[in-house]
Amino acid sequence: MNYFPDEVIEHVFDFVTSHKDRNAISLVCKSWYKIERFSRQKVFIGNCYAINPERLLRRFPCLKSLTLKGKPHFADFNLVPHEWGGFVLPWIEALARSRVGLEELRLKRMVVTDESLELLSRSFVNFKSLVLVSCEGFTTDGLASIAANCRHLRDLDLQENEIDDHRGQWLSCFPDTCTTLVTLNFACLEGETNLVALERLVARSPNLKSLKLNRAVPLDALARLMACAPQIVDLGVGSYENDPDSESYMKLKAAIKKCTSLRSLSGFLEAAPHCLSAFHPICHNLTSLNLSYAAEIHGSHLIKLIQHCKKLQRLWILDSIGDKGLEVVASTCKELQELRVFPSDLLGGGNTAVTEEGLVAISAGCPKLHSILYFCQQMTNAALVTVAKNCPNFIRFRLCILEPNKPDHVTSQPLDEGFGAIVKACKSLRRLSHSGLLTDQVFLYIGMYANQLEMLSIAFAGDTDKGMLYVLNGCKKMKKLEIRDSPFGDTALLADVSKYETMRSLWMSSCEVTLSGCKRLAQKAPWLNVEIINENDNNRMEENGHEGRQKVDKMYLYRTVVGTRMDAPPFVWIL
Amino acid sequence: MANESDNLGLEITELRLGLPGDIIVVSGQSILGKKRASPEVESNMKCEPATKSQVVGWPPVCSYRRKNSLEQTKSSYVKVSVDGAAFLRKIDLEMYKCYQDLASALQILFGCSINFDDTLKESECVPIYEDKDGDWMLAGDVPWEMFLGSCKRLRIMKRSCNRG
């Protein structure tokens, strides 16, 4: 029932930007569905195989911005073979054919090719913004097309992609008339850059706010770049090696002082620690600091820098900072909201860099903390209980104890009680990943208390199917469940098939799920794609008699409205 | 001494699974004091679970980050200096497949043209490199792969500087 003309309702909808809210609006009534779909400009697709571009465009013909995610999250850890899928080309082809006025494309974990970048650059006159996160399959030639053809390019943001660097002149492909850049992030490129072209580009981009350089950009070039972009807000330093007595270092110090808008600092891919002090004058303005790639900077230099950063909201750091360093963070950074502590020694050496003490200190000192990713050597239930008491506002809590199945190092008990305390206290918790020795009990707690939980990552945990059942039955808002190396099998998988309609996806690898279990699930739920990924065995697993009981190595299922995908490689079997 | 040999005798008759020369620790004291176990055996005694470093995708650190954190342990970056230039550059030798590629890169970086096939001929710039032994060698003599493995530092000498 509408008492207002459509244009008025549409105008009201313009104020609603979150895609979740817009999805909700479209469910109210047919009239609102229609108004909403014609006015929707930004669409988010969490799984590129849940829908196809044709249906997307039929529903949202006025699309301007598209976000697509491809591979499942565990692809980050090499659990998904490279050729699995997530190709963006069909999407770009369809969008180009439809002549929709695409302005922004954001991709995560997708396979992008030079061909698709070339097509993208030529098909959309108003294209402004390209953000690629954890993608692969393209080279700097593709970047050259974007640079050359997108006349109104505002953002070129490449985060942690695998790009084949041909060390060509892609930066020189930006025409002299291109002056609209706001974001330029090429930190993940491995090769040499044409520094002259880069400096000229930065000099003619007065709106440039975010500049992230790769490791091939040396300190003297950095000084010149900062001098022509004092308006910079977000800086990613490339290589940072120099002599503190040199002239270029003096120039850098002078340039930094002028960058009064600088709020975010990252990079330091190769760093000379004694030069960090050049940044001290602007530290008091910093809200975001990412030193997680600066392996060569040791704890004491990090601490000296952080002591100046009183306004920090986001900190990404290596565990070489140590518990003592985290105590300094806790006493200095009272505005801290997000902390990530990454392991500096991936091969696992016994170097107890951070422990439960650092985590407790942070929880006590930083009342605004809501997101944490913490890699550590050891943990205790007592510490987790304290953390839960100190910080009941966690939205994201990810704890990774480096050694699988490690119990509480003081009591030798499983860490069920500690994580139980976290889920009980943190009523807004949306994302959780746990580690250490865990029994079915922790899942009982999660099912009981984690009412808002949307994403759960399980590894080396649980005893029986009950564990998984607690989660499936209890967490009403679960969207993404990913499980590896845990003893959950067909009983849990098949208990409530309709649950998967409310979820985006389920990943299970090295669990107890069998081929016949997966087949039964696929039969019961035709609106699901149940994929079996079997790289080691080129022959398809045949089901007859005892072989149906064969355990499946990797299973990935997701709801979809467009059925089986056609682009699956031979080692992926869609049931 | 007598004590030691008594204990030694007992230990020898004990049936155990273990390498010869394993340290047998009794009340904190190593009995086989004179015979030190080899370093490899000692490290095995630390009971590090072999599974830790062999589990695929564990710890859950994304592959991009993994690549960039192992970087410094096997870095192929070398410093390049050019006579007369105010500062040095650093290049990743593994980015190049042959001497020609390197020559192109040096052309872009420093503007000097080098012919690795005939380094001592007319051209003004002579590339030399410091090898693993610390000796300064003329670049271009050995196959590219061998050069990759032994080059620690590169220097472009300007011919006009070293005449006479």
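Residues numbered from 1 in each chain as written. Chains lettered and ligands numbered in written order. Predicted model: local features only at pLDDT ≥ 70, side-chain atom pairs only at ≥ 80, totals over all residues. Heavy atoms only, no water.

The name given to chain B in an unreviewed UniProt entry is Auxin-responsive protein, with the source organism recorded as Arabidopsis lyrata subsp. lyrata. According to the UniProt record, the Subunit (unreviewed entry) comment for chain B reads "Homodimers and heterodimers." (UniProt positions renumbered as here; feature names shortened; annotations may be inferred.)

Under an unreviewed UniProt entry, chain A has the name Auxin signaling F-box 2 and belongs to Arabidopsis lyrata subsp. lyrata. Turning to chain A, the UniProt record has this under Subcellular location (unreviewed entry): "Nucleus". Entered under Pathway (unreviewed entry) in the UniProt record, the comment concerning chain A runs "Protein modification; protein ubiquitination."

Colleague: Tell me about the overall build of chain A, residues and numbers included.
Modeller: Scanning chain A from N- to C-terminus turns up 19 helices and 23 strands. In terms of C-alpha radius of gyration, chain A reaches 25 Å, essentially the compact-globule figure of 25 Å for 575 residues. Here chain A, with 575 residues, has 58% of them falling under the buried criterion. Counted over contacts in chain A with a minimum sequence separation of 6, partners at least 24 positions apart contribute 72%. Looking at chain A as shown, the accessible area adds up to about 23,100 Å², and 52% of this sits on carbon and sulfur atoms. Separation between the mean location of the 67 positive side-chain charges and that of the 65 negative ones in chain A comes to 8 Å. (Helix = DSSP H or I, 4+ residues; strand = E, 2+ residues; numbered from the N terminus. Rg over C-alpha atoms; globule rule 2.2 N^0.38 Å. Buried < 20%, exposed > 50% of the residue type's maximum accessible area, 1.4 Å probe, protein only. Contact = heavy atoms within 4.5 Å. Areas by Shrake-Rupley, 256 points an atom, 1.4 Å probe, with all protein chains shown as cover. Lys, Arg positive; Asp, Glu negative; His and termini not counted. Charge placed at Lys NZ, Arg CZ, Asp CG, Glu CD.)

Colleague: Could you give an account of the overall build of chain B, with specific residues and numbers?
Modeller: The number of helices and strands found in chain B is 6 helices and 7 strands. Starting at the N terminus, the α and β elements of chain B follow one another as α-β-β-α-α-α-β-β-α-β-β-α-β. Pairs at least 24 apart in sequence give 42% of the contacts found in chain B among residues at least 6 apart. Accessible surface, chain B: about 10,700 Å² in total, of which carbon and sulfur atoms supply 54%.

Colleague: Residues and numbers for the pattern of salt bridges, please.
Modeller: Opposite charge on two side chains permits them to pair, given that their charged atoms come into close proximity. All names here are of chain A. Tallied over the full model, the rule gives 24 salt bridges over all chains. For glutamate 199, the salt bridge is made with arginine 224, and the minimal N-O distance between the two is 3.0 Å. Taken together, the residues span a long stretch of sequence, with glutamate 199 in helix α8 (residues 195-203) and arginine 224 in helix α9 (residues 219-228) at a distance of 25 residues. Residue classification places glutamate 199 among the buried positions, given a relative accessible area of 18%. Salt-bridge contacts for arginine 565 lead to glutamate 531; the nearest nitrogen and oxygen are separated by 2.7 Å. Here glutamate 531 lies in strand β21 (residues 528-533) and arginine 565 lies in the loop between β22 (554-559) and β23 (572-574), a separation of 34 residues in the sequence. As far as the burial class goes, arginine 565 and glutamate 531 line up, both buried. (Salt bridge = Lys/Arg side-chain N within 4 Å of Asp/Glu carboxyl O.)

Colleague: Explain the sheet that holds strand β6 (residues 136-138) of chain B to me, using residue names and the numbers behind them.
Modeller: Residues and elements named next belong to chain B. The strand order β4-β3-β7-β5-β6 describes an open sheet built from 5 strands, whose pairing is mixed. Strands with a single pairing partner mark the edges of an open sheet, and in this sheet they are β4 (89-92) and β6. Neighbouring strand axes in the sheet, compared pairwise and without regard to direction, differ in orientation by 30° on average. One ladder, built from 6 bridges, connects strand β5 (residues 125-130) with strand β7 (residues 153-158); its direction is antiparallel. Bridge pairing links cysteine 125 to lysine 158 in β7. (Pairing = 2+ DSSP bridges. Axes fitted to C-alpha atoms, helices over the stretch in contact; angles between N-to-C directions.)

Colleague: An account of the interface of chain A and chain B is needed here, citing residue identities and associated values.
Modeller: Accessible area lost upon the coming together of the parts serves often as the stated size of an interface. Each partner contributes residues to the interface: chain A has 41 residues there, and chain B has 30 residues. Here chain A meets chain B over a buried area of about 3,400 Å², counting both sides, of which 56% is carbon and sulfur. The largest share of the area that chain A buries against chain B comes from Phe77, Arg167 and Leu346 of chain A, three residues that together contribute 18% of it. Viewed at the interface, chain B and chain A are joined by 1 salt bridge. With a shortest N-O distance of 2.7 Å, glutamate 162 of chain A and lysine 67 of chain B are connected by a salt bridge. Split into classes, the residues belonging to the side of chain A that touches chain B amount to 21 nonpolar, 6 polar and 14 charged. (Buried area = accessible area lost by both parts, 1.4 Å probe. Nonpolar A, V, L, I, M, F, W, Y, C, P; charged D, E, K, R; others polar.)

Colleague: Tell me about helix α5 (residues 89-98) of chain A, and please be specific about residues and values.
Modeller: Along an α-helix, residues three or four apart share an orientation, since each turn contains 3.6 residues. Residue and element names in this part refer to chain A. Where α5 is concerned, the buried positions are Leu89, Trp91, Ile92, Ala94 and Leu95. Packed against the buried residues of α5 are β1 (42-45), α4 (53-59), β2 (65-69), β3 (104-108) and α6 (114-123). Arginine 99 occupies a position one or two residues after α5 and carries a positive phi of about 60°.

Colleague: So what's going on with the environment of valine 55 of chain B? Residues and values would help.
Modeller: As for its placement among the helices and strands, valine 55 of chain B is situated in the loop between α3 (51-54) and α4 (63-69). On a C-alpha basis, the gap between valine 55 of chain B and valine 142 of chain B in space is 40 Å, while along the polypeptide they are 87 residues apart.

Colleague: Any details on the UniProt feature "domain: F-box" (unreviewed entry) in chain A? Residues and values, ideally.
Modeller: Following the UniProt record, one finds the feature "domain: F-box" (unreviewed entry) at residues 4-45 of chain A. As annotated, residues 4-45 of chain A comprises 62% helix and 10% strand, and the C-alpha atoms at either end are separated by 31 Å.

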